[in-house]
Amino acid sequence: MKGNPVARLLRHPVVGALCRLVLGGVFIYTSLPKVMHPDEFARLVYGYRVLHPDMVNLVGVTLPWVELVAGVFLVVGLLPRSSALVLGGLLALFIGAGFLALARGLDIECGCFFPFMGDHKLTWDLLVRDAVLILFALQVMVWPSGFLPARRRRARPSEP
Amino acid sequence: MARSLSRKDLRSQPTPSSSGRSTIGSVLLGAVVIVVASALLGIVANRLSPRGIPLLPPSAEASGETPPLALPAGVLGIGLEDALAAFHARSALFIDARPENEYAEAHIPGAVNIPPYSFEDRYLELMEQVEEASTIVVYCSGVECSDSIEVAERLLEIGRADVRIFEQGWRAWVGAGGPALEGPQP
């Protein structure tokens, strides 16, 4: 594996830092309007018809904060593997909920980037985008890096 | 040479090969702490926020068919049956708050199209008609959309009194066999 250039690239600290910044940044960016408008976000959650109505508001209130905190932790390099696990898990849940909604033929808003980029209909390609973001989370989970890539490089033990 | 590595060196590079069950456990524990702490933070922030919503919606009773959220203060809702009755009695002006393309596909006959992002322009065009109406019913796609609420709040801001939100919206209307009209004309 050490000789494999792709593997070396994937485990490179700069790649790790980029994955953290992109994944964390996306979640920070998308969570802020949800944090500020839990009522609107709860409506979007309801639209997926995967939760009992009694659970919708609780998820609408708490989920954006989980996204925000885990995103910030990931960007600053605090508990990077745990943060990536949380965000990767959320992405998997989004894919599952989106799949169920699309499989049932629901014509609903995605709620992914609302309201910065307007309302997007939930489509299959959005699920593919979430799957790509999961790869970013996996990179961080497997090869975590701190805030500064150089820190990890210094800490690496000498090769035998 | 690998044997000369200190334990500190190994800890500083938490790759899968150097991490055991304890590392996996600490990652999982960290994830649980993040989720629980963030959720509690969200609940507290919601409690303190003027836009906060009830955690257990009062309207989400057993059937699950009623809208899950309380409407903003001062905004009244109208159910499917009452909306149909108002339509047949011609006692209300219906405003479709969905985007133009969705409105053009089909809408409630007689409904005018005022999406929130073009509220000012559309309202000026339709001002006479809107001001003549005694009751206004605003709708969008369904319970999950907020466009109808946004338009209703704007109407209340400019002094309209009897504004109702048909939360179940267009899908419920079609599902109930309500009349529909295709094209961009009301």
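1. Regarding the overall build of chain A
Piece 1. The number of helices and strands found in chain A is 7 helices and 0 strands.
Piece 2. In sequence order, chain A lays out its α and β elements as α-α-α-α-α-α-α.
Piece 3. When burial is assessed residue by residue, chain A has 45% of its 160 residues classed as buried.
Piece 4. Considering only contacts within chain A whose residues lie at least 6 apart along the sequence, 69% involve residues at least 24 apart.

2. Remarks on the nonpolar core
Piece 1. Residues A:Leu23, A:Ala70, A:Val86, A:Leu87 and A:Ala137 are the most contacted members of the largest nonpolar core, which totals 45 residues.
Piece 2. For this core, the secondary structure elements donating two or more residues are helix 2 (13–36), helix 3 (38–47), helix 4 (53–76), helix 5 (80–103) and helix 6 (124–142) of chain A together with helix 2 (21–48) of chain B.
Piece 3. The element best represented in this core is helix 4 of chain A, accounting for 13 residues.
Piece 4. Every residue in contact with A:Ala137, bar those within four places of it in the chain, is listed here: A:Leu23, A:Ala84, A:Leu87, A:Gly88 and A:Leu91.
Piece 5. The next biggest cluster of nonpolar side chains, apart from the first, holds 27 residues, and it includes B:Ala97, B:Val138, B:Cys145 and B:Val151.

3. With respect to the pairing of strand 4 (residues 136–139) of chain B
All names here are of chain B.
Piece 1. Here strand 4 shows two buried faces, one formed by Ile 136 and Val 138 and the other by Val 137 and Tyr 139.
Piece 2. Pairing between strand 2 (residues 93–96) and strand 4: 4 bridges, direction parallel. Note on strand 4: the bridge partner recorded for Asp 96 is Tyr 139.
Piece 3. Alignment of strand 4 against strand 5 (residues 163–165), held across 3 bridges, turns out to be parallel. Across the sheet, residue Ile 136 finds its bridge partner in strand 5, namely Val 163.
Piece 4. Crossover connection from strand 4 via helix 6 (residues 147–157) to parallel strand 5: handedness right-handed.

4. Quick look at the sheet that holds strand 4 of chain B
Piece 1. Sheet architecture is open: 5 strands sit in the order 1-5-4-2-3 (chain B), paired in parallel fashion. Only two strands of the sheet have a single neighbouring strand rather than two, namely strand 1 (76–77) and strand 3 (112–113) of chain B.

5. Remarks on the packing of helix 2 of chain A against helix 4 of chain A
Residue and element names in this part refer to chain A.
Piece 1. Helix 4 packs onto helix 2 with a crossing angle of 150 degrees between their chain directions and a minimal axis gap of 8 Å. By the angle class used here, helix 2 and helix 4 are roughly antiparallel. Crossing of helix 2 over helix 4 shows left-handed handedness. From helix 2, Arg 20, Leu 21, Leu 23, Gly 24, Gly 25, Phe 27, Ile 28, Thr 30, Ser 31, Lys 34 and Val 35 reach across to helix 4, where they touch Pro 64, Trp 65, Glu 67, Leu 68, Ala 70, Gly 71, Val 72, Leu 74 and Val 75.

6. Examining the environment of A:Leu63
Piece 1. Secondary-structure assignment places A:Leu63 in helix 4.
Piece 2. Spatially, the C-alpha atoms of A:Leu63 and A:Leu90 are 9.1 Å apart, while their sequence positions differ by 27 residues.

7. Points about the confidence of the model for chain B
Residue and element names in this part refer to chain B.
Piece 1. For chain B, mean pLDDT is 82; residues scoring 70 or higher make up 78% of the total.
Piece 2. The element-level mean pLDDT for chain B is lowest in helix 1 (residues 7–11), coming to 42, with strand 2 highest at 96.
Piece 3. Across residues 59–66 the pLDDT falls below 50, and counting only partners more than four positions away or on other chains, this stretch makes 11 contacts in the model.
Piece 4. The ipTM for the predicted assembly is 0.83, set against a pTM of 0.67.

8. Let's talk about unusual backbone geometry
The phi torsion of most residues other than glycine is negative, and most of the peptide bonds are trans.
Piece 1. Backbone geometry at A:Leu79 places phi at a positive 45 degrees, although glycine is not the residue there.
Piece 2. Considering the arrangement of structural elements, one finds A:Leu79 in the loop between helix 4 and helix 5.
Piece 3. At B:Arg90, a residue that is not glycine, the phi angle is positive and equals roughly 55 degrees.
Piece 4. Here B:Arg90 lies in the loop between helix 3 (80–89) and strand 2.
Piece 5. You can call B:Arg90 exposed: it has 8 C-beta atoms within 10 Å.

Rules used throughout
Residues numbered from 1 in each chain as written. Chains lettered and ligands numbered in written order. Predicted model: local features only at pLDDT ≥ 70, side-chain atom pairs only at ≥ 80, totals over all residues. Helix = DSSP H or I, 4+ residues; strand = E, 2+ residues; numbered from the N terminus. Buried ≥ 20, exposed ≤ 12 C-beta atoms within 10 Å, placed from the backbone. Contact = placed C-beta atoms within 7 Å. Core = buried A, V, L, I, M, F, W, Y, C linked by C-beta atoms within 7 Å. Pairing = 2+ DSSP bridges. Right-handed = clockwise from strand over helix to strand, strands pointing away. Axes fitted to C-alpha atoms, helices over the stretch in contact; angles between N-to-C directions. Parallel < 35°, antiparallel > 145°, perpendicular 65-115°, else oblique. Left-handed = near helix turned anticlockwise from the far one by under 90°. pLDDT = per-residue confidence, 0-100.

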